[in-house]
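Descriptive analysis of the structure
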Amino acid sequence: MRRRAAEYRRPVRRRFSYWIWALFGLFSIAGLVLLVVHHNQHEDRVEQPVLERNTGLDQVAHESLNFTEEILSARSFSRQLAEQMTLAKAYVIIAKEHNNLHLAWELSSKIRNCQLLLSKAAMRGEPVTLEEAEPIIKSLSYLIFRAEDAHYDIATTIMTMKSHIQALEERANAATVQSTVFGQLAAEALPKSLHCLNVKLTADWLRKPSLQELADEKRNSPRLMDNNLYHFCIFSDNVLATSVIVNSTVSNADHPKQLVFHIVTNGINYGTMQAWFLSNDFKGSTIEVQNVEEFSWFNASYAPIVKQLLNADSRAYYIGGYQDNIAPKLRSPKYQSLLNHLRFYIPEIYPQLEKVVFLDDDVVVQKDLTPLFSLDLHGNVNGAVETCLEAFHRYYKYLNFSNTIISSKFDPQACGWAFGMNVFDLIAWKKANVTARYHYWQEQNADGTLWRVGTLPPGLLTFYGLTEPLDRRWHVLGLGYDLNIDNRLIESAAVVHFNGFMKPWLKLAIERYKPLWERYVNQSHPYLQDCVTS
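Notes on the structure follow. (Residues numbered from 1 in each chain as written. Predicted model: local features only at pLDDT ≥ 70, side-chain atom pairs only at ≥ 80, totals over all residues. Heavy atoms only, no water.)

For the structure shown, the criterion picks out 28 aromatic pairs. Between the aromatic rings of Phe-344 and Tyr-438, the centroid separation amounts to 3.9 Å while the plane-to-plane angle is 5°, which identifies the pairing as stacked. Remark: Tyr-438 occurs in helix α18 (residues 434-444) and Phe-344 occurs in the loop between α14 (312-319) and α15 (346-349); sequence separation between them is 94 residues. In this structure Phe-344 comes out as buried when scored by relative accessible area, which is 1%. Plain terms: the ring middles of Phe-358 and Phe-419 are 6.3 Å apart, the flat faces sit at 75° to each other, and that makes the pair edge-to-face. (Phe/Tyr/Trp six-rings, centres within 6.5 Å; stacked < 30°, edge-to-face > 60°. Helix = DSSP H or I, 4+ residues; strand = E, 2+ residues; numbered from the N terminus. Buried < 20%, exposed > 50% of the residue type's maximum accessible area, 1.4 Å probe, protein only.)

When a protein is soluble and globular, its nonpolar side chains tend to lie buried together. Formed by 64 residues in total, the largest nonpolar core has its most connected members in Leu-197, Val-246, Phe-277, Leu-359 and Leu-369. Considering every element that reaches this core, the biggest residue donor is helix α11 (residues 239-251), with seven residues. Among all residues touching Leu-359, those that are not within four sequence positions of it are Phe-232, Cys-233, Ile-234, Ile-245, Thr-249, Val-365, Leu-369, Gly-420 and Met-421. Val-356, Val-381, Ile-406 and Trp-417 belong to the second-largest nonpolar core, a separate cluster that totals 44 residues. (Core = buried A, V, L, I, M, F, W, Y, C linked by side-chain atoms within 4.5 Å. Contact = heavy atoms within 4.5 Å.)

Moving on, we come to the pattern of salt bridges. One pass over the structure, following the stated rule, counts 12 salt bridges. Residue Asp-216 is joined to Arg-219 by a salt bridge in which the shortest nitrogen-to-oxygen separation is 2.6 Å. A residue is classified by how much of its surface remains accessible, and Asp-216, at 42% relative accessible area, is partly exposed. One salt bridge connects Arg-473 with Asp-471, and the closest N-O pair in it is separated by 3.0 Å. The class of Arg-473 is partly exposed, set by a relative accessible area of 48%. The class for Asp-471 is partly exposed, based on a relative accessible area of 37%. Several salt bridges share partner residues, and in doing so they unite Arg-124, Glu-126 and Glu-132 into one network. (Salt bridge = Lys/Arg side-chain N within 4 Å of Asp/Glu carboxyl O.)

Quick look at the structure:
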């Protein structure tokens, strides 16, 4: 009878072990990846300044091990420890549920040892060795065997684990949302030094009539309409970012005196922009500053976006709180800025120009951009770098294909492209009546059902079939969120784009990329020096 009972208990134990491993196997790897990613992100955000103070040798040692790859490797001791730790955590919960507090305490103690070892391995940048891992693996295996031998009820155990997993997922989701909200708030905040600069420049504009006279004099320059020159347009309310674009473009141009920059800003920052660009020389290039509020044609009767932004419900949507299940980034006030939508009205703003290059205010130019003006767009309106190397940059990720208006006209697998560095053929634009196409799609999306917010989704619709793919090296994106862009790709790029929350003028900028932007900031300007020190 004892023999039969023992034989009967073994398959029960095996079945129990099988169910536990099956259940937690589904979650362990995903959980580990999330933990490692969180660790890496935290390390990049918090410890980067410390690394900069250390020697180069310390940095090389720290970067010698990719801990994400290490913990996912089937042959590594880190992977074995992590999997045992995940299972042990499950048994801690089970043991507590069955009031086996001593076993729970023993498991918790070994889990802490395991966490400490993994943490040391990550910090020193070297794999866990057999000598380090063996005693912990053996002791954890023994405790897990004891937990399995306790013959806890399988159905109850599975239900308990599911409820705990669900609770952990809810906490993780809440933390992710909160982190995104904080990032969004930080990205929207104007740094004190930049605010200080704006105040000083506005004061100059108001108290120096000579600046306003000079602006009036330059407003009628024939160079502004000369199609033999190279024309760039920038729509921004950030004077320092705009200055970096102009400075980086002229610094890398073979013939900077042939460049013309058309800047449009809002009424609040108009004096600031004028004072800055009239008081500084940019290698003989021509610079025009305009106020969007003086565009009388840009009104609700002509532009659907103006009508929609004047609507109370739309304003509440864009600038409301972070409630509901709408992503915080979609609540950004930048989507309410008319400057953000001017890119669809370039021929109306510059009716006599034939070709322009549009630049977003969070880019840095690293190469001469004048060859863009001689590119053959093959009759297309928009020259842009495609972004469909990954699946999430295809049309179906930006647009609502459950709506027949979208699904009947567009390919969901069509390749997306980047706004931020675009060459526009304005003759082809007028011939294709592109602005009217944009108006049509904005009117169709008055209720927000075709896409949420932003300028890229309507851009994908408006320029569908009218976009010429450019060489990827013309425009490299992701410096405002991606920590792992290949240095060779950055070095070869004509334009690098800090799209994302981590703008280079903010403290939360990615330190690795920030020098690319800072090298074009006029650090010797007395106003900048005063604002930084004060």
